Number of protein chains: 2
Amino acid sequence: MITQKTKYALKSLMVMADEMARDGTALRIEEIAERSGAPKRFLEHILLDLKRAGFIGSRRGRKGGYELIKNPRRISIAMILRLIDGPMAPLPCLSRKAYQRCEDCKDEETCRVRAVFGGFYSAYILMIESLTLADLMEDSQPLERFSLSEVAAGE
Amino acid sequence: MITQKTKYALKSLMVMADEMARDGTALRIEEIAERSGAPKRFLEHILLDLKRAGFIGSRRGRKGGYELIKNPRRISIAMILRLIDGPMAPLPCLSRKAYQRCEDCKDEETCRVRAVFGGFYSAYILMIESLTLADLMEDSQPLERFSLSEVAAGE
DNA sequence: AAAAACTTGATTAACATGGTCGATTCTAGC
DNA sequence: GCTAGAATCGACCATGTTAATCAAGTTTTT
């Protein structure tokens, strides 16, 4: 499950990208909240995170607001997921950034659970790292670029 | 992240499948705990769940224990994940079994977040439903059966 | 009858999630 | 330089989940 917070983050980014494509005026937090469906007070934290990470910029006071400062093609879905939700790995022992040994695991090298979920994970990473905010905004099916074909393993 | 509980469940099933392949005697909960690395008291609950779902059988009293009663080829990883962790969908609005409308979503049909994660999810489902306990126990890379190829979208 | 082992339900501590609130700091415009 | 409007910051809180542990059963075999 991706968290509600991440969903709000993605939707807010879409709103700001939309505005950026149109004219470029900064949006008040309240307007972003309305257009993305996120509660205003909660959205504050999210926008702060996005700002600290360099995706958006802000101006305070009158005429203030938030605006996208990064090219939507340069913002991958994976970046946002990692920023808001934290590590994406299905097992702690599979995370590069937040590696942790599994207490219950005798030998990591031969752990079958690890091997199998590692397989899933690398396929997932491959897809989600290549998908960008720009893809999220286009109408097409962004995963069409990938084809997942099952190869009969001569059984 | 898959939960620790699910990991214990998978490992316990592997232990029992291993024993089944060898001779077929029921294993005491304590032995399963040792061999899988799970705490005994916690494992009790897990084995109960697996039993109620019909994967394993139990005998009480002296000479009692648990044993696998289903063909490992007929037990998909997805079944176990769903049983222990619950629904696997990345968004509540994508789950078949536990569907829930997203409050913040104006129109589900055109929601881009939903469309994109729906794409991931169906690829994931395809893989995890076809992977079985038997695959988990073999030494090969079970996901070799799938090939994930990136198709350049003539850009 | 007693021992071994499964079964059940209650309880727990720690953490994550999804918020809310109040106070503060900055900035444009009068 | 005052003030209204806006972002910023930090603390707080309610609820639920996770990963266990424990006590007290019940059932079966020897």
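Procedures and definitions
- Residues numbered from 1 in each chain as written.
- Chains lettered and ligands numbered in written order.
- Predicted model: local features only at pLDDT ≥ 70, side-chain atom pairs only at ≥ 80, totals over all residues.
- Heavy atoms only, no water.
- Helix = DSSP H or I, 4+ residues; strand = E, 2+ residues; numbered from the N terminus.
- 1 Å grid on protein atoms, 1.4 Å probe; cavity = no way out; pocket = protein on both sides within 12 Å on 5 of 7 lines; lining within 4 Å.
- Points joined across faces, edges and corners; volume = space filled by probe spheres on them.
- Nonpolar A, V, L, I, M, F, W, Y, C, P; charged D, E, K, R; others polar.
- Core = buried A, V, L, I, M, F, W, Y, C linked by side-chain atoms within 4.5 Å.
- Buried < 20%, exposed > 50% of the residue type's maximum accessible area, 1.4 Å probe, protein only.
- Contact = heavy atoms within 4.5 Å.
- Near = heavy atom within 4 Å.
- Polar contact = N/O pair within 3.5 Å; in protein donor to acceptor, adjacent residues only side chain to side chain.
- Domains from an automatic or database assignment.

Where an unreviewed UniProt entry is consulted, chain A appears under the name Rrf2 family transcriptional regulator, with the organism given as Paracoccus onubensis.

Trainee: I'd like a rundown of unusual backbone geometry, residues and numbers included.
Mentor: In most cases, non-glycine residues show a negative phi, while peptide bonds are predominantly trans. Even without glycine at this site, Lys 63 of chain A takes up a positive phi of about 65 degrees. Note on placement: Lys 63 of chain A falls in the loop between strand S1 (56–59) and strand S2 (65–68).

Trainee: Residue-level account of the layout of surface pockets, with values.
Mentor: Taken as a whole, the largest pocket encloses approximately 820 Å³ of empty space. In terms of lining residues, the largest pocket is bounded by 29 residues, among which Met 1 and Met 88 of chain A together with Met 1, Met 88 and Tyr 124 of chain B are the most central. Mapped onto the lining of the largest pocket, the elements with two or more residues apiece are helix H4 (77–85) and helix H5 (112–130) of chain A together with helix H4 (77–85) and helix H5 (112–130) of chain B. Considering every element that reaches the lining of the largest pocket, the biggest residue donor is H5 of chain B, with six residues. A per-class count over the lining of the largest pocket returns 24 nonpolar, three polar and two charged.

Trainee: Outline the nonpolar core, listing residues and values.
Mentor: Counting 95 residues, the largest nonpolar core has Phe 117 of chain A together with Phe 117 of chain B as the members making the most contacts within it. Ranked by residue count, the leading element in this core is H5 of chain B, at nine residues. Filtering out sequence-adjacent residues up to four positions away, Phe 117 of chain B remains in contact with Ile 2, Leu 10, Ile 77, Leu 81, Tyr 124 and Ile 128 of chain A together with Pro 90, Leu 91 and Leu 94 of chain B.

Trainee: Give a description of the protein's contact with DNA strand D that names residues and reports values.
Mentor: Surrounding DNA strand D, one finds 27 residues, the nearest of these being Ile 29, Lys 51, Ser 58 and Tyr 66 of chain A together with Arg 60 of chain B. Counted by atom, the contact set of DNA strand D within 4 Å of the protein is 61% sugar and phosphate. The backbone of Ile 29 of chain A places a nitrogen or oxygen atom 2.7 Å from a phosphate oxygen of DNA strand D. A distance of 3.1 Å is found between a base nitrogen of DNA strand D and a side-chain nitrogen or oxygen belonging to Glu 44 of chain A.

Trainee: So what's going on with the protein's contact with DNA strand C? Residues and values would help.
Mentor: The local shell around DNA strand C holds 27 residues, among which Arg 41 and His 45 of chain A together with Arg 28, Lys 51 and Tyr 66 of chain B are the closest. The sugar and phosphate moieties of DNA strand C supply 66% of its atoms located within 4 Å of the protein. At a separation of 3.4 Å, a phosphate oxygen of DNA strand C approaches a polar backbone atom of Gln 4 of chain A. Note that a base oxygen of DNA strand C is positioned 3.4 Å from one of the side-chain N or O atoms of His 45 of chain B. Those elements that place two or more of their residues in the surface near DNA strand C are helix H1 (4–22) and helix H3 (40–52) of chain A together with helix H3 (40–52), strand S1 (56–59) and strand S2 (65–68) of chain B. In terms of residue count, H3 of chain B provides more of the surface near DNA strand C than any other element does, five residues in total. By residue class, the composition of the surface near DNA strand C is seven nonpolar, eight polar and twelve charged.

Trainee: Talk me through the domain arrangement of chain A; I want residue IDs and the actual numbers.
Mentor: Structurally, chain A comprises domain 1 (4–68) and domain 2 (87–145). Computed from C-alpha atoms alone, the centre-to-centre distance between domain 1 of chain A and domain 2 of chain A is 28 Å.

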